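For reference, the chains in residue letters:
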Amino acid sequence: MSRNAKINGLLLLLVAALAVLPLALGLGEGKEEPFTGADAQAEAAISELKPDYEPWFSPLYEPPSGDVESALFALQAALGAGVLAYYFGVRKGRRQGAAAAAAAAAAPDAAAAAPGTPATES
């Protein structure tokens, strides 16, 4: 097994542990919504500390349920991952294309140099 495969395996195990450990340890037990986001926790803390606080603005769009909100967030994450993957793929393709062009320019034309092949006319 190569070194990169070992590192990738360890990273995969670490990600799996980060996903499973909070559930296995019961970190969210006893709460109505155990794994709420930081925004909801901050809102709860502010309303507890200062009940008469008025927000500066309201959201442009309020999803009808938490499920719709989660779906929109997942869609946003997927689109962002797609854009990043496309960008890095284009960069890698350009780098490989430049390397292939440099190698082709440095090496003489193999078809013209091979004996017994007809020369092409320009």
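Quantities reported herein were computed from a predicted structural model and do not represent experimental measurements.

A. Inspection of the overall build of the chain at higher detail. On a plain count of helices and strands, the chain comes out with four helices and zero strands. Sequence-ordered secondary structure for the chain, helices as α and strands as β, is α-α-α-α. Accessible surface, the chain: about 11300 Å² in total, of which carbon and sulfur atoms supply 65%.

B. Local environment of a negative patch on the surface. A cluster of acidic side chains, namely Asp39, Glu43, Glu62 and Glu69, defines a negative patch on the protein surface. By the element assignment, Glu43 lies in helix α2 (residues 38-49). A relative accessible area of 58% means that Glu43 is categorised as exposed.

C. Seen up close, the packing of aromatic side chains. The tally for this structure, following the rule as stated, stands at one aromatic pair. Aromatic pair Tyr87 and Phe88: ring centres 5.3 Å apart, planes at 65 degrees, arrangement edge-to-face.

D. Fine view of a nonpolar patch on the surface. A surface patch of nonpolar side chains, amounting to about 610 Å² of accessible area, comprises Leu60, Tyr61, Leu72, Leu75 and Leu79. Relative to the assigned elements, Leu72 resides in helix α3 (residues 66-106). The partly exposed category is assigned to Leu72, whose relative accessible area is 39%.

E. The arrangement of the confidence of the model for the chain in detail. When pLDDT is averaged along the chain, the result is 84; 83% of the residues meet or exceed 70. The least confident element of the chain is helix α4 (residues 110-113), whose mean pLDDT is 52; the most confident is α3, at 93.

Scoring rules and cut-offs
- Residues numbered from 1 in each chain as written.
- Predicted model: local features only at pLDDT ≥ 70, side-chain atom pairs only at ≥ 80, totals over all residues.
- Heavy atoms only, no water.
- Helix = DSSP H or I, 4+ residues; strand = E, 2+ residues; numbered from the N terminus.
- Areas by Shrake-Rupley, 256 points an atom, 1.4 Å probe, with all protein chains shown as cover.
- Patch = residues over 30% accessible without salt bridge, like charges linked within 9 Å, V, L, I, M, F, W, Y side chains within 5 Å.
- Salt bridge = Lys/Arg side-chain N within 4 Å of Asp/Glu carboxyl O.
- Lys, Arg positive; Asp, Glu negative; His and termini not counted.
- Charge placed at Lys NZ, Arg CZ, Asp CG, Glu CD.
- Buried < 20%, exposed > 50% of the residue type's maximum accessible area, 1.4 Å probe, protein only.
- Phe/Tyr/Trp six-rings, centres within 6.5 Å; stacked < 30°, edge-to-face > 60°.
- pLDDT = per-residue confidence, 0-100.

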